[in-house]
Amino acid sequence: MYTRGLTDEQVRASREQHGDNHLTEQASESFWEKLRGNFGDPMIKILCVALIINVIFAFLGQAEWYESVGIALAVLLATFVSTLSEYKNESAFQKLQEEASQIKCKVYRNNELVEIAIQDIVVGDWVLLQSGDKVPADGILAEGTIQVDQSVLNGEAKEATKNVMPADYQETEAAMDFLNPYKVFRGSVVCSGNAVMEVSTVGDKSVYGQIASELQADDDRDTPLKLKLGHLAGQISKFGYIGGIAIAVAFMFQRIVTISFLPVFSISVELHSWMQMLNNLVEAVMLAVIIIVMAVPEGLPLMIAIVSAQNMGKMLKDNVLVRKVSGIETAGSLNILFSDKTGTITKGQLEAVAFVDGEGRAYKTRAEIPGELGRLVSLGVRYNTSAVITGEGASARAVGGNATERAILSFAAADAAAKVEVTGSIPFNSQNKYSVARVEGDYSLSLIKGAPEKILSKCSFYYDIDGTRKPFKSGGSNVEAKIDELAGRAIRVLALAVSDRNFEDNALPEGEWTLVGVVGIRDEVRPESVEAIAQVQRAGVQVVMITGDRKDTAMAIAKEAGLLKNETDLVMTSDELAQLSDEELKQKLASIRVVARALPSDKSRFVRVAQELNLVVGMTGDGVNDSPALKRADVGFAMGGGTEVAKEASEIVILDDNFNSIERAILYGRTIFNSIRKFIIFQLTINVAAVLVSFVSPLLGIENPLSITQILWVNLVMDTLAALAFGGEPALQRYMEEKPKRRDEHIVSRYMWSSILIGAGWTFALSLVFILTPFARSFFRTSPVDPEAYLLTGYFAFFIFTSVFNAFNARTEQLNLFDNLGGNRGFLRVMGAIVVVQVIMTYCGGVILRCYGLNASEWIFVLVMAFTIIPVDLVRKLVMKNNG
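Each value, and the rule that gives it
- Residues numbered from 1 in each chain as written.
- Predicted model: local features only at pLDDT ≥ 70, side-chain atom pairs only at ≥ 80, totals over all residues.
- Heavy atoms only, no water.
- Pairing = 2+ DSSP bridges.
- Helix = DSSP H or I, 4+ residues; strand = E, 2+ residues; numbered from the N terminus.
- Core = buried A, V, L, I, M, F, W, Y, C linked by side-chain atoms within 4.5 Å.
- Buried < 20%, exposed > 50% of the residue type's maximum accessible area, 1.4 Å probe, protein only.
- Contact = heavy atoms within 4.5 Å.
- Polar contact = N/O pair within 3.5 Å; in protein donor to acceptor, adjacent residues only side chain to side chain.
- Phe/Tyr/Trp six-rings, centres within 6.5 Å; stacked < 30°, edge-to-face > 60°.
- Expected span 1.5 Å × (residues − 1).

A. Quick look at the pairing of strand S7 (residues 189–201). Bridge count for strand S3 (residues 126–130) against S7 is five bridges, and the pairing is antiparallel. Bridge pairing links Leu128 to Val196 in S7.

Here it is as structure tokens:
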């Protein structure tokens, strides 16, 4: 009878002295803290500076108040959308964490066995541990013997045996001695056996809690996208300083010098008075500020927020939970990915994948094994096991026992039970390396299961497919050749045999055993992982499999998964890595594909070394021991079935533990990056064209052809509406054919510059044709009140429609402008809305919008002029394509 545990008074005393079993939760940001943090974005900072300047000029009466309102709205919308999407996903993540932590434990209290929450356990409690339980705290065994899986703590897949601590045992100071045969640790899983543990350490002081606490420090480095946007912001700032000074100087030159020598302008000599010069200077500065503010892409942060939010929603449907927006952005830039084997590349569970009979014939499933031989196989696996079958027929499954027992029993779980009764058994032990069960009934046999090297040598016969006994001779047999072949594929084998003889002195007499066959078991490679790995490799991402398996086993799995293809591909063990200096490891890193017998410290070292090479690093993991590496990586992928600590350390949680989902995360990350680039092409083309027109107009002695209210509508088209349009771009598989973007690569590429400069240059050239040439004026009516009213209305419509047509150019690098357009129907809706509103504004804008209704011929001229940007850009694409 077990000790009946603590009393209520002892529980209170223990809680006061040692605390309870709560783990300190990692501080999560509130909505407002996240919102404040998003104001640190480099583009947001530029917008805030532009806003401050605009507000100052508005107070001086040199700018309209609604310009400041427009910039402020752009800033608030961008930060709010980004914050809201990240906060919603973080809330969903916290809900998953809470559900995962709702663990009940069987504890002896007040002379009774009761179930209490894991948080309520205290030092001194006696906890009942049974197969399948998670150990709730650190402690020692007081009763029983168990096998535990400590892989979440030490990365070692091998089960460890834990026994009762002897009374005279001298305990060492090493708190994290996982090899200690008497200590059990929080987070490990009981694989088999029953025991009672006495709790010695709880909460943050447990090994599990200590590792979790070490992750609280925030040492995140900037994401690749943040670096690229920071560089773009720096370029815009530099352009602002240089452009502002140049525009102010050019304007003053035009007003003071040029006009003095051009009598056609009839400028009075009073122009040169100091007061007039001061006015001109203020006007020049205002012009420079307006143009600089126009040059800032206010819509970019909003677009990033929208496209990230939309793709995060899509990813959740694909079993990818994005905790931090930076995670999905960074996933698209990965150069190297370190992936666990078990459960990610493989299925994470042992399966019986082959059976070999006494003549060396192989079968993939139980259904393929014919006649009496098949019935003997079912008999051997169903009645000589510690696992049991629940359910019937197709729904039958194996539970209990260890993973190997469940795998073999599942091989014949759907078979009908034989009419036999187990009358005795001999459990597996390390000396014999086999177990025996005696059955009586339809069959009177001793069923033997264990290591082939122990059983085959004791077999004198084997069963053929009809169940007929035939002579068997081990050594060079077809069976042994097949076993060697299976071993080369990382398949473990167990032999099945029978004997007519019964036990004698709790042992089975040897000799005249009959071989039934051998069963091959393995943690199978996921079929979808093979294609996903190939796709990720085609995307230019180096995939390295990290496993605790032996080197030969790891190599076999890696070959099947498609990781080992060339003679130059390296497979290294943890011991071999330890012999290399960091510089030597850097030289070999590009060739490494597999790391066997890996330790948790190897993962952290790989992350550090790869980042020193300026690579963008991804790391997968599920255990507490993986958490430091997940935290340090540029993007950490935690498995949905992993520990809460690992999930807290990651940016992305793979809910289905599948490598295929990691491939989807990379694809979505690249989709976001490409969508951002498309938007930048669209917006900077309009920006540069608008800046050129606004810069040149005063130098030519004419007013800006776009009024302030019209510029606000242009900004709305460029920013909010365009962000909505480009935010819904579909994830295209061809993005996975692109090379990863370097961490320090500029976000605006050569292709983008060609599109921006040619598009803006063409729009600017047509703008000059529109407002300066008699040819364009001849297409428009004149008004007695304002001779240029219809011309300027037409120019405003031209500028907007040019932007709409160029949006089709910007959204695809293909010559087919309708490429995958069906995947982003929001684009068509937004562009359609812009066109409809523009037409309505043309007829209803009046004096406020400086718009007057156009007739059919005027509309035709406007549309033809605007449409020309499409063939111009198609020619550019052809030239770029031909020039590589």
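B. Summary view of the nonpolar core. Phe637, Phe659, Phe726, Ile747 and Phe770 are the most contacted members of the largest nonpolar core, which totals 114 residues. Considering each element in turn, this core owes the most residues, 19 residues, to helix H22 (residues 659–699). Dropping the residues within four chain positions of it, Ile747 is found in contact with Leu225, Lys228, Leu229, Leu232, Phe673, Ile676, Arg677, Ile680 and Met752. Among the nonpolar cores identified, the runner-up in size contains 26 residues, and Ala352, Phe411, Val439 and Leu445 belong to it.

C. Looking closely at the side chain of Thr620. Note on placement: Thr620 falls in strand S24 (residues 617–621). Among the polar contacts listed, one links the side chain of Thr620 to the backbone nitrogen of Asp340, at a separation of 2.7 Å. If we ignore the near neighbours within four places in the chain, the residues touching Thr620 are Leu337, Phe338, Ser339, Asp340, Lys603, Leu630, Phe637, Met639 and Ile662.

D. Expanded view of the packing of aromatic side chains. The full count for this structure, using the stated rule, is 22 aromatic pairs. For the pair Phe726 and Phe827, a centre-to-centre distance of 5.7 Å together with 80° between the ring planes defines the contact as edge-to-face. You can see Phe726 sitting in helix H23 (residues 708–727) and its partner Phe827 sitting in helix H27 (residues 825–844), a full 101 residues away along the chain. A relative accessible area of 0% places Phe726 in the buried class. Their ring planes at 90° and their centres at 5.4 Å tell us that Phe805 and Phe867 sit as a pair that is edge-to-face. With Phe805 in helix H26 (residues 789–810) and Phe867 in helix H29 (residues 856–867), the pair connects residues that are 62 residues apart, well separated along the chain.

E. Geometry of the side chain of Ser446. Topologically, Ser446 is positioned in strand S16 (residues 445–450). Side-chain polar atoms of Ser446 contact the side chain of Arg438, separated by 3.1 Å. Ignoring any residue separated from it by four or fewer positions in sequence, one finds Ser446 in contact with Val436, Ala437, Arg438, Ala497, Val498, Ser499, Arg501, Asn502, Phe503 and Leu508.

F. Quick peek at H22. Spanning 41 residues, H22 covers 60 Å between terminal C-alpha atoms, matching the ideal 60 Å at 1.5 Å per step. Burial within H22 is extensive, with 35 of its 41 residues counted as buried. Looking at where H22 begins, the residue whose side-chain oxygen comes 2.9 Å from the main-chain nitrogen of Asn660 is Asn658. Immediately downstream of H22, the backbone of Gly701 shows phi near 80°, a positive value.

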